[in-house]
Amino acid sequence: KAIIADCGYTTVPAILKHCIPQMLKGAPVGLCYAIGRLGARLFAGFDPEDGNALASMKNNTIPVLLIHGDIDDFVPWQMSIENNEACIAEHRLVMIHDAPHAASFFTDADTYLDEACTFLHHYLYKSYHKPMRCMFCSALVIFVRNRHQSDEDSANSRTYRSSNFPSIISGKLV
């Protein structure tokens, strides 16, 4: 009934060719891609050339909410813009300021959830007014904030804080 695409890439070849230089510094991109493609075809039974979100967007009839951080250096934010422009279904693009890869929610949970709740309420419940944040979304924000706080309190537990992921405590970035 509805799709939320967070940090969406355009095609598998495009994202792999973008990431290879970051992951394998100095390695020849073309050769690495060719070896990886051959391995995928022989051992995993798929061809990376078939992974094409742009082509899917050109044929898609399901409403799409595209969300992307504007400082994502893993999947370039321009790929979401390309997907947005290619989409023939109803769609909306939301760029989250100062959000790195896969951290839009952690960077600006209020905007993320307001956009996601409005989008889902509109397409799942046919509600055309902007809803108050639903109980599920509100509970999710509280859970993430509490989880983050308990992670900070425990020296042995996993923490969300790193140089790449801003922390949210009481709705403010720290």
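Structure shown above.
Residues numbered from 1 in each chain as written. Predicted model: local features only at pLDDT ≥ 70, side-chain atom pairs only at ≥ 80, totals over all residues. Heavy atoms only, no water.

Asks: Would you mind showing me how to read the packing of aromatic side chains here?
Replies: How two aromatic rings sit relative to each other is set out by the distance from centre to centre and by the angle between their planes. Applying the stated criterion to the full structure yields three aromatic pairs. Ring centres 5.7 Å apart and planes at 90° place the aromatic pair Phe-105 and Tyr-112 in the edge-to-face group. Its relative accessible area of 13% is what places Phe-105 among the buried residues. (Phe/Tyr/Trp six-rings, centres within 6.5 Å; stacked < 30°, edge-to-face > 60°. Buried < 20%, exposed > 50% of the residue type's maximum accessible area, 1.4 Å probe, protein only.)

Asks: Is there a simple way to think about the pairing of strand S2 (residues 64-69) in this case?
Replies: A regular strand carries its side chains on alternate faces of the sheet. Among the six residues in S2, six count as buried, and that is most of the element. Side chains of S2 alternate between two faces, with Val-64, Leu-66 and His-68 and Leu-65, Ile-67 and Gly-69 buried alike. Relative to S2, strand S1 (residues 3-6) runs parallel, the two sharing four bridges. When the bridges of S2 are listed, Ile-4 appears paired with Leu-65. Looking at chain direction, S2 and strand S3 (residues 91-96) are connected through six bridges and run parallel. Bridged to Val-64 within S3 is His-91. Note that the unit made of S2, helix H4 (residues 77-86) and S3 has a crossover that is right-handed. (Helix = DSSP H or I, 4+ residues; strand = E, 2+ residues; numbered from the N terminus. Pairing = 2+ DSSP bridges. Right-handed = clockwise from strand over helix to strand, strands pointing away.)

Asks: Even after reading the chapter, I still don't get the nonpolar core, so can you show me in this structure?
Replies: Generally speaking, a soluble globular protein has its nonpolar side chains buried in company with each other. In this structure, Leu-65, Ile-67, Val-94, Ile-96, Ala-99, Phe-105, Ala-109, Tyr-112, Leu-113, Ala-116, Phe-119 and Tyr-123 together form the largest nonpolar core, which totals 12 residues. For this core, the elements supplying multiple residues, two or more each, are S2, S3 and helix H6 (109-125). Not counting the four nearest positions on each side in its chain, Phe-119 is found in contact with Ala-2, Ile-3, Ile-4, Pro-63, Val-64 and Leu-65. Grouped together as the second largest cluster of nonpolar side chains are eight residues, Leu-54, Met-57, Val-64 and Leu-66 included. (Core = buried A, V, L, I, M, F, W, Y, C linked by side-chain atoms within 4.5 Å. Contact = heavy atoms within 4.5 Å.)

Asks: Please clarify how the pattern of salt bridges should be interpreted in this entry.
Replies: Should their charged atoms come close, side chains of opposite charge can pair. One pass over the full model with this rule turns up three salt bridges. Among the ionic pairs, Arg-92 bridges to Glu-115, the shortest N-O distance being 2.8 Å. Here Arg-92 is found in strand S3, whereas its partner Glu-115 is found in helix H6, with 23 residues between them in sequence. Residue Arg-92 is classed as partly exposed on the basis of its relative accessible area, which comes to 42%. (Salt bridge = Lys/Arg side-chain N within 4 Å of Asp/Glu carboxyl O.)

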